Amino acid sequence: MNHQPQESLKANILIVDDTPDNLRLLSTMLQSQGYQVRKALSGKFALQGVEMAKPDLILLDINMPQMSGYEVCQHLKSNPQTCEIPVIFLSALDQVSDKVEAFAVGGVDYITKPFQSEEVLARINNQLTLQNLQKQLKNQNIILQQEIEERKLAEARERAKAHQLEITLEELKRTQAHLIQSEKMSSLGQMVAGVAHEINNPVNFILGNLDPATEYAHNLIRLIKLYQKTYPDCPQEISQLIEEIELNFLIEDWPKLMKSMKVGSERIHQIVVSLRSFSRLDESNLKPVDIHDGIDNTLLILHHRLKCTSERPGIETIKDYGKLPNIVCYASQLNQVFMNLLSNAIDAVETQPFPRIITIRTSLSQNETSPSVIIRIADNGLGMSEEVCQHIFDPFFTTKPVGSGTGLGLSISYQIVVEKHGGKLTCVSQPGKGTEMIVEIPVKPY
Ligand SMILES: Nc1ncnc2c1ncn2[C@@H]1O[C@H](COP(=O)(O)OP(=O)(O)OP(=O)(O)O)[C@@H](O)[C@H]1O
Ligand SMILES: [Mg+2]
């Protein structure tokens, strides 16, 4: 009968017994089963032997002079190098207390003498198999741990990659948004500037000629009046024409007509100046400007959306301007910001019932070391939820119907204010109450 499993064929067993006969008997039995056997006649020799070469298992007698089996076992268990070697006690002592003690000091099994060789072999084989399985388990655990670590590392790498991709995507979106907006603004600006330039000359002709024309008319009327006074009895042909052309009404109406023509053409002139100054194509550099001019020009351009018509009530704009120094900035870009903010405010109040109010307040911040101007554009429109507020500066974020909003206005404004001018753009809003957008621009260039 063979008890050894394949893997324990060459197992190395140390037998410790102070009785040479016992040693011989056991070693013959084990060797016949293919085990490698070493022998020790005392606890001291046993410990020395273990130190030289670690056995796979120890058969340990308990009753020995000088050092008992229990002590030998305790020594072995207290040393990390040897604590894992399984120890099977072999003893003539068969009290339960002896067995309990044997297990307490770290033994894995207990065989009572006299023993049956079959039993000894079976128990040794069990322990060796157990030992083997434990080793395998330990190795597998180590491999598993390594795999887990590797997976964790790979996951972290993937996460980092995904994060990097997200950043790149955001960056791309911003760049794309910027490109679209600057393309839009630059072609719009060029067109506006072109049209304004074309209109400018003819308007100037009209404006320039209106005063002399008024004067000529005035003189002609004076002449007619003098004629009438000098020759009160005019021929019938003349008095017929006087009636036909309603001369009295004409004399009365003509100056009024000239006056309203002057008002009209002055207004065209003013709009042309505003358009040119809004587009400021010639001024792409930093330059000191009056912020209030920029806001007023923008309001003028948006006039058609603010005024009252037969279809909708007007939007009241309240200006509360503080005293501001000129600001060194990219003027046309800041005008874009005002345009975007005011357009959004108009969109927001248009959804509300009467009265619709947009308030524009400007002030100088109190911080003396680096003063900045603060422009607040508040509306009593539909306001925003917390959720919307968190996304308004994202490129392409819009709550407006498809086709009516690009969702670029605020993201571009943010770039212009924060990145180009080192300022701040913030938003305070409540659903149903309205919105206040706050622009802060340092007085000194960024
Ligand atoms: N004053 C405001 N009141 C309420 N909501 C606003 C206001 N200003 C901005 N929003 C919200 O922020 C979103 C983003 O505004 P943004 O100006 O960037 O894009 P848009 O106005 O939708 O489109 P675009 O300006 O490109 O035509 C708007 O769709 C709107 O939901
Ligand atoms: Mg907008």
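Residues numbered from 1 in each chain as written. Chains lettered and ligands numbered in written order. Predicted model: local features only at pLDDT ≥ 70, side-chain atom pairs only at ≥ 80, totals over all residues. Heavy atoms only, no water.

J.: Got a minute to help me understand the nonpolar core in this structure?
T.: Nonpolar side chains in soluble globular proteins generally cluster together in the buried interior. One finds Ile291, Leu334, Leu341, Ile358, Ile375, Ile377 and Val439 to be the most contacted residues of the largest nonpolar core, which totals 38 residues. Within the residue set of this core, elements represented by two or more residues are α8 (291-301), β8 (327-329), α10 (331-350), β9 (357-364), β10 (372-379), α12 (409-420) and β12 (434-442). Of all the elements, α10 adds the most residues to this core, at 10 residues. Not counting residues up to four positions away in its chain, the partners in contact with Ile375 are Ile291, Ile295, Phe338, Arg361, Thr362, Met437, Ile438 and Val439. Of all hydrophobic cores here, the second largest spans 21 residues; its members include Met67, Tyr70, Ile85 and Val105. (Core = buried A, V, L, I, M, F, W, Y, C linked by side-chain atoms within 4.5 Å. Buried < 20%, exposed > 50% of the residue type's maximum accessible area, 1.4 Å probe, protein only. Helix = DSSP H or I, 4+ residues; strand = E, 2+ residues; numbered from the N terminus. Contact = heavy atoms within 4.5 Å.)

J.: Would you mind showing me how to read the domain arrangement of the protein here?
T.: In many reports, interface size means the accessible area that the parts give up when they come together. Assigned domains within the protein: domain 1 (6-115) and domain 2 (284-446). Put simply, the middle of domain 1 and the middle of domain 2, counted by C-alpha atoms, are 90 Å apart. (Domains from an automatic or database assignment.)

J.: It is not clear to me how the packing of aromatic side chains should be interpreted in this structure. Could you clarify?
T.: Remark: the centre distance and the inter-plane angle together describe each pair of aromatic rings, the angle taken between the planes. Tallying each qualifying case throughout the model produces 3 aromatic pairs. Their ring planes at 35° and their centres at 6.2 Å tell us that Tyr227 and Tyr231 sit as a pair that is tilted. Seen in terms of ring centroids, Phe393 and Tyr414 are 4.9 Å apart; in terms of plane orientation they differ by 40°. Their pairing is tilted. Within this pair, whereas Phe393 is found in the loop between α11 (386-389) and α12, its partner Tyr414 is found in helix α12, the two being separated by 21 residues in sequence. The cationic tip of Lys420 hangs over the ring face of Tyr330; the distance from NZ or CZ to the ring centre is 4.7 Å. (Phe/Tyr/Trp six-rings, centres within 6.5 Å; stacked < 30°, edge-to-face > 60°. Lys NZ or Arg CZ within 6 Å of the ring centre and 35° of its normal.)

J.: Please clarify how the sheet that holds strand β4 (residues 87-91) should be interpreted in this entry.
T.: The pairing of strands in a sheet comes from backbone hydrogen bonds and takes either a parallel or an antiparallel form. The parallel open sheet is built from 5 strands, whose spatial order is β2-β1-β3-β4-β5. The sheet is open, and its two edges are formed by β2 (36-40) and β5 (109-112), each paired on a single side. Each strand of the sheet is rotated relative to its neighbour by a mean of 20°, with strand direction disregarded. In the sheet, strand β1 (residues 12-16) pairs with β2 via 5 bridges, with the strands oriented parallel. Across the sheet, the residue bridging to Ile13 is Val37, located in β2. The strands touched by helix α2 (residues 43-52) within the sheet are β1, β2 and β3 (57-61), with β1 carrying the most contacts at an inclination of about 160°. Each of β3 and β4 is contacted by helix α3 (residues 69-78), which is oriented at about 175° to β4, the strand it contacts most. (Pairing = 2+ DSSP bridges. Axes fitted to C-alpha atoms, helices over the stretch in contact; angles between N-to-C directions.)

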